[in-house]
2 protein chains.
Amino acid sequence: MIHNEKIDMILSRKSVRRFSAALSDEELETLLHAAMSAPTAMDYQPWHFVVVNDNATKENLRSFLPYAKMINENCTGIVVCGDISLYEEVSKRDGEDNTLYWVEDCSAASENLLLAAHALGLGAVWTGIFPLESRISKLRETLALPENIVPLNLILAGHVLSEGRVKDKWDTSKIHYEKF
Amino acid sequence: MIHNEKIDMILSRKSVRRFSAALSDEELETLLHAAMSAPTAMDYQPWHFVVVNDNATKENLRSFLPYAKMINENCTGIVVCGDISLYEEVSKRDGEDNTLYWVEDCSAASENLLLAAHALGLGAVWTGIFPLESRISKLRETLALPENIVPLNLILAGHVLSEGRVKDKWDTSKIHYEKF
């Protein structure tokens, strides 16, 4: 196992769920820059980001997102969405269904965003939306999302009030050589 | 925009497709540690990693993976897979389909793996498998994957022969405030 500051940053990221202050504009911009640095299939960059700071919207989100009940005025909400029309067109052209590439692209972007928060000494947590239809439809209404835009998750980010715990998930039984 | 070494590491990751040597055991272990540090829904950690170094297997992969034709003896192949049975059980229990959480978890793990390669001065590239059925079925046969294990991608990683280009994907039209 090789250690350096950058590797240890990746290994020590953790979910933070209690915040003391929302992101500054510059912090938010940095996190979104990191998110948009992820790789995407065919370089389609299908992502969109809806930033939520309004308290009435946050109250609404709390009412139907059980794992995002801690969203309040002391953190910034970022809904990572995918434009599903891009890969739908490719799928029609190629006669093979690769629509779900948007989930992979937007998940890689989300992980970059979480890591960037950690790299700035901030905290963040990923709360799931897709593929749960009940959450998607309510979020669609709340954020006025067009038909082709699907929300993947709601990330909460901000200044850390209470540190989460780093989990050791290393498990050699998950590693296989040559064949499963 | 805030810069530090860790943020700049995330921003400067790029796809590397030409390699001079495969990963050492210690490099491989570090990349897999990083992958297994990603967050997962309900902490289910549905990932599995099949490491491919055998040249006959690589030749086989080249024959049906158009975007992985550069896999050769100078790089290590890592097939990131998901155990779909975990979320299938939860879906049955909850009466809502959240099977696809495995795609999000394994994509976050894949991004961590790519970043760890970059953090070590190595290179890597993500080549797509899921959701393309034709690729999944051939890979299932090649790697003897059980029914509940689905391959997400094939990552090539190794020492860099030729640097890829860093793409600037920053696009403020992808950022929305309060509503889409």
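Residues numbered from 1 in each chain as written. Chains lettered and ligands numbered in written order. Predicted model: local features only at pLDDT ≥ 70, side-chain atom pairs only at ≥ 80, totals over all residues.

Looking at the overall build of chain A
Looking only at helices and strands, chain A has six helices and six strands in total. On the principal axes, the C-alpha backbone points of chain A span a range of 50 × 50 × 30 Å. In chain A, buried positions account for 49% of the 180 residues. Within chain A, residue pairs in contact and separated by at least 24 positions form 77% of the contacts whose partners lie at least 6 positions apart. (Helix = DSSP H or I, 4+ residues; strand = E, 2+ residues; numbered from the N terminus. Buried ≥ 20, exposed ≤ 12 C-beta atoms within 10 Å, placed from the backbone. Contact = placed C-beta atoms within 7 Å.)

What about the environment of A:K167?
In this structure, A:K167 sits in the loop between strand 5 (149-162) and strand 6 (175-177). Sequence separation of A:K167 and A:R13 is 154 residues, and the distance between their C-alpha atoms is 9.0 Å.

Topic: the nonpolar core
Counting 114 residues, the largest nonpolar core has A:L113, A:I155, B:L113 and B:I155 as its most contacted members. Residues contacting B:I155, with those up to four places away along its chain left out, are B:I78, B:V80, B:S110, B:L113, B:L114, B:A124, B:V125 and B:W126. (Core = buried A, V, L, I, M, F, W, Y, C linked by C-beta atoms within 7 Å.)

Brief notes about the interface of chain B and chain A
On the side of chain A, 69 residues touch chain B, which itself brings 69 residues to the contact. Broken down by secondary-structure element, the contributors of at least two residues to the side of chain B that touches chain A are helix 1 (5-11), helix 2 (25-35), strand 2 (47-52), helix 5 (101-119), strand 4 (123-128), helix 6 (133-143) and strand 6 (175-177) of chain B. Residues of the side of chain B that touches chain A, tallied by class, amount to 38 nonpolar, 15 polar and 16 charged. Pairing of strand 2 (residues 47-52) of chain A with strand 6 of chain B involves three bridges; the strand directions are parallel. Bridge pairing in strand 6 of chain B links A:V51 to B:Y177. (Nonpolar A, V, L, I, M, F, W, Y, C, P; charged D, E, K, R; others polar. Pairing = 2+ DSSP bridges.)

Comments concerning the relation of the copies chain B and chain A
For the pair chain B and chain A, the best superposition has an RMSD of 0.0 Å and corresponds to a rotation of 180 degrees with a translation of 0.0 Å parallel to the axis. Look at the turn and shift together and you get a two-fold axis relating the two. The share of interface residues of chain B whose copies in chain A are also at the interface is 100%, consistent with both copies meeting through the same surface. (Least-squares fit on C-alpha atoms with pLDDT ≥ 70 in both.)

A word on the pairing of strand 3 (residues 76-83) of chain B
All names here are of chain B. When you tally the buried positions in strand 3, you get eight out of eight residues, the bulk of the element. Residue alternation in strand 3 divides its side chains into two sets, T76, I78, V80 and G82 and G77, V79, C81 and D83, and both sets are buried. Note that strand 2 and strand 3 share six bridges and pair antiparallel. Looking at strand 3, one finds that V52 is bridged to G77.

Some thoughts on the confidence of the model for chain A
Per-residue confidence for chain A averages 97 on the pLDDT scale, and 100% of its residues sit at or above 70. The complex prediction reports pTM at 0.98, with the ipTM value standing at 0.98. (pLDDT = per-residue confidence, 0-100.)

With respect to the packing of helix 2 of chain B against helix 5 of chain B
All names here are of chain B. Interaxial distance between helix 2 and helix 5 falls to 7 Å at its minimum, and their mutual angle equals 140 degrees. Our classification of the angle between helix 2 and helix 5 gives oblique. Helix 2 and helix 5 meet at a crossing whose hand is right-handed. Residues T30, L31, A34 and A35 of helix 2 lie in contact with helix 5, whose contacting residues are A109, S110, N112, L113, L115, A116 and A117. Taken together, the residues of the contact of helix 2 with helix 5 break down into eight nonpolar, three polar and no charged. (Axes fitted to C-alpha atoms, helices over the stretch in contact; angles between N-to-C directions. Parallel < 35°, antiparallel > 145°, perpendicular 65-115°, else oblique. Left-handed = near helix turned anticlockwise from the far one by under 90°.)

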